[in-house]
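This is what each chain is made of:
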Amino acid sequence: MRREVDWIWAVSQTAQNQALIDLDRAFTNFFEGRARFPTPRKKGVHDAFRHVGREVAVRHLNGKWSEVRIPKIGWVRYRDTRPLRERADGAVEIRSATVRLGPDGAWQVSIALRCEVDTRPVPARAVGVDRGVAIPFALSDGSVWHLPEKVAHRERLISRLQRKLARRTRGSQRYRLLRSRIGQLRGQNARARKHLAHVLTTHLARTFGLVAIEELRILNMTRSAAGTVEEPGRNVAAKSGLNRAILNVGWYQFELLLSYKLEETGGVLMKVPARNTSRECAGCGHVDEGSRKNQATFVCTACGHAANADHNAAINILNRALRGDKARQRRNTPLLDGEGNALAPDEPSTPSGTAGVNPPNGPPEIHLSSGGGRC
């Protein structure tokens, strides 16, 4: 094909080989029961390519900028958000470099390295994490983690702009400009969610040896309630709003990052049954739907124990993990390097001490700043 088609020949052969490796891995994961059937990559959604480390070079320019050499493109400057980690002998071993186009129109490069990870003692503490919508993450130690306030503001702005976009002529210049603006706002929210997930999961992996979460089937929980023409759904608008709220928090992204960071630090991620975690009293174990007075208040109808509803649920999750209540476990897809080989997890992307985050032992409520954090 490279000899016969000019536009295929114009692209780096390595990037095409990496795409075939991804396709082979996707089919392997499907037939081994780890993932769904592969779907085609779509322009505007999966705009990314990868090169192996032997074809990529990086040089440092100053405190904020570096350059990366990409085959058939040349040297490209990029914002150096963190220094490349060296091995014990002082060398930087690049395994792969992935270049992708973000929803806001900005190109990003992710450089995977092979490096030595220092052995740390596994913390002896345990914690339960309750995932919600009003409070994204509530811990059994009493702390709660929120998205930046600007995320909700941008979501409201996106809704207004989408209604405005529907009235414009598809394919026109004004349509493309407004669509680009919506993409920029969505990209900012995506980075805010990922930043929260990185900061929280790094804090959990470094502070606790056992982290318990609920076994949630997020795909089923966010499925549309529209139904069919013959059997239309009920409360479709309310269910659609709930789906957006769940996806806006990023429950699965949090779970995915936490799993590989605990694997690196030697910790354990345990999933417990989610049934009645918000209705069970953490003090006496009594289960009653009436104990949940509202979204924020829990008052046990049996013993009178009163607490924040999310904090009570997080304690129940931890207690179930300590008792050994196990949920259905999902097999994880093995991590792969740029050449399709098994690869140990890389270093977590964001330290827990990032600017804009209150210390874990500080006030119980933690808000992330919309600026100043780096992922």
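Located above this text is the structure these notes cover.
So, a few notes on the structure that sits alongside this text. (Residues numbered from 1 in each chain as written. Predicted model: local features only at pLDDT ≥ 70, side-chain atom pairs only at ≥ 80, totals over all residues. Heavy atoms only, no water.)

## Some words on the overall build of the protein
Counted only if it meets this: Runs of H or I in DSSP of at least four residues are treated as helices and runs of E of at least two as strands, each being numbered from the N terminus. Relative accessibility under 20% of the residue-type maximum defines a buried residue, over 50% an exposed one, and the middle range a partly exposed one, all with a 1.4 Å probe and only protein chains included. Whether two residues are in contact is decided by their heavy atoms, any of which lying within 4.5 Å being enough. The Shrake-Rupley method, run with a 1.4 Å probe, gives the accessible areas here. Residue values count only the displayed protein chains as cover.
Regarding its fold elements, the protein presents eight helices and 14 strands. Within the protein, the proportion of its 375 residues that are buried is 35%. Pairs at least 24 apart in sequence give 62% of the contacts found in the protein among residues at least 6 apart. Carbon and sulfur atoms provide 52% of the accessible area of the protein, an area that totals close to 22000 Å².

## Here's the deal with the sheet that holds strand E6 (residues 107-114)
Keep this limit in mind: By definition, two strands form a pair when at least two bridges between them are found by DSSP. Each axis is a line fitted through C-alpha atoms, and for a helix only the stretch in contact is used; angles between axes span 0 to 180 degrees, taken between their N-to-C directions.
Taken together, the three strands give an open sheet; going across it, the order is E1-E5-E6, and neighbouring strands pair in antiparallel fashion. At either end of the open sheet lies a strand with only one pairing partner, and these are strand E1 (48-52) and E6. Strand-to-strand, the axes of this sheet are offset by a mean angle of 15 degrees, without reference to chain direction. One ladder, built from five bridges, connects E1 with strand E5 (residues 93-101); its direction is antiparallel. Within E5, the residue paired with Phe49 across the bridge is Val99.

## Things to note about the pattern of salt bridges
Definition in use: Salt-bridge detection follows one rule: a side-chain nitrogen of Lys or Arg within 4 Å of a carboxyl oxygen of Asp or Glu.
One pass over the full model with this rule turns up ten salt bridges. One salt bridge in this structure joins Glu93 and Arg95, with 3.7 Å as the shortest N-O distance. In this structure Arg95 comes out as buried when scored by relative accessible area, which is 18%. Linked through salt bridges whose partners overlap, the residues forming this network are Arg131, Glu215, Glu255 and Lys271.

## A few points about the nonpolar core
Which entries qualify depends on this criterion: We define the nonpolar core as a collection of buried residues of types Ala, Val, Leu, Ile, Met, Phe, Trp, Tyr and Cys that are connected through side-chain atoms lying within 4.5 Å of one another.
One finds Val129, Phe137, Leu204, Val211 and Phe254 to be the most contacted residues of the largest nonpolar core, which totals 24 residues. Breaking this core down by element, the ones donating at least two residues are strand E7 (126-131), strand E8 (137-139), helix H4 (173-207), strand E10 (210-214), helix H6 (236-249) and helix H7 (251-265). Examining the composition of this core, we find that six residues originate from one element, H4, more than from any other. The contact partners of Phe254, leaving out residues within four places of it in the chain, are Val129, Arg131, Phe137, Ala197, Leu200, Thr201, Leu204 and Ile213. Leu161, Leu165, Leu178 and Ile182 belong to the second-largest nonpolar core, a separate cluster that totals eight residues.

## Some words on the packing of H4 against H7
The test is simple: What makes a crossing left-handed is the near helix being turned counterclockwise from the far one by less than a right angle; a clockwise turn instead makes it right-handed. Here the term charged refers only to Asp, Glu, Lys and Arg, the term nonpolar to Ala, Val, Leu, Ile, Met, Phe, Trp, Tyr, Cys and Pro, and the term polar to all other amino acids, Gly among them.
Relative orientation of the contacting elements H4 and H7 amounts to 35 degrees, with a least axis distance of 9 Å. As H4 runs across H7, the sense of the crossing is right-handed. For the pair formed by H4 and H7, the contact residues are Arg193, Lys194, Ala197, His198, Leu200, Thr201, Thr202, Leu204 and Ala205 on the first element and Gln253, Phe254, Leu257, Leu258, Tyr260, Lys261, Leu262 and Thr265 on the second. Tallied by class, the residues present in the contact of H4 with H7 amount to nine nonpolar, five polar and three charged.

## Some remarks on the packing of helix H3 (residues 149-166) against H4
Our working definition: Convention used here: angles under 35 degrees read as roughly parallel, angles over 145 as roughly antiparallel, angles from 65 to 115 as roughly perpendicular, and any remaining angle as oblique.
Running from N to C, H3 and H4 cross one another at 160 degrees; their axes reach a closest spacing of 10 Å. Classified by the angle their axes make, H3 and H4 are roughly antiparallel. Note on packing geometry: the crossing formed by H3 with H4 is left-handed. On the side of H3, the interface is formed by Lys150, Val151, Arg154, Glu155, Leu157, Ile158, Leu161, Gln162, Lys164 and Leu165, while H4 contributes Tyr175, Leu178, Arg179, Arg181, Ile182, Leu185, Arg186, Gln188, Asn189 and Ala192. Broken down by class, the residue content of the contact of H3 with H4 amounts to ten nonpolar, three polar and seven charged.

## Re a positive patch on the surface
Using the following cut-off: Exposure above 30% relative accessible area and the absence of a salt bridge qualify a residue for a patch, where like charges join within 9 Å and nonpolar side chains (Val, Leu, Ile, Met, Phe, Trp, Tyr) within 5 Å. Only four residue types enter the charge count, namely Lys and Arg as positive and Asp and Glu as negative; His and the chain termini do not. The location of each charge is read from NZ of Lys, CZ of Arg, CG of Asp or CD of Glu.
Together, Arg156, Arg160, Arg163, Lys164, Arg167 and Arg174 make up a region of like positive charge exposed at the surface. In this structure, Arg156 sits in helix H3.

## Regarding the pairing of strand E2 (residues 57-60)
Inspection of the sheet shows E2 paired to strand E3 (residues 65-70) by four bridges, in the antiparallel sense. Looking at E3, one finds that Val58 is bridged to Val68.

## Considerations on H3
Stated formally: Helices are assigned an expected span. That span is 1.5 Å times one less than the residue count.
Along its 18 residues, H3 runs 27 Å from first to last C-alpha, staying within 8% of the 26 Å computed at 1.5 Å per residue. The elements touched by buried residues of H3 are H4 and H6.

## Notes on the packing of aromatic side chains
So the rule is basically this: Any Phe, Tyr or Trp ring, taking Trp's six-membered ring, that has another such ring centre within 6.5 Å forms a pair; planes under 30 degrees apart are called stacked, those over 60 apart edge-to-face, and the others tilted. In our convention, an over-ring charge means Lys NZ or Arg CZ found within 6 Å of a ring centre and within 35 degrees of that ring's normal.
Taken as a whole and assessed by the stated rule, the structure comprises five aromatic pairs. Taking the centre distance of 6.3 Å and the plane angle of 20 degrees together, the rings of Phe27 and Phe31 count as stacked. Of this pair, Phe27 and Phe31 both sit in helix H2 (residues 13-31), four residues apart, which is roughly one turn of the helix. Under the relative-accessibility criterion, Phe27 is labelled partly exposed at 28%. Plain terms: the ring middles of Phe30 and Phe31 are 5.1 Å apart, the flat faces sit at 65 degrees to each other, and that makes the pair edge-to-face. Among the residues examined, Phe30 registers a relative accessible area of 29% and is labelled partly exposed. Put simply, the rings of Phe27, Phe30, Phe31 and Phe37 touch in pairs and so form one group of aromatic residues. Across the ring face of Trp9, the terminal group of Lys72 is positioned such that the distance to the ring centre comes to 4.8 Å. Against the face of Trp65 rests Arg77, its NZ or CZ located 4.7 Å from the ring centre.

Keep in mind that these numbers describe shape and distance, not what the molecule does.
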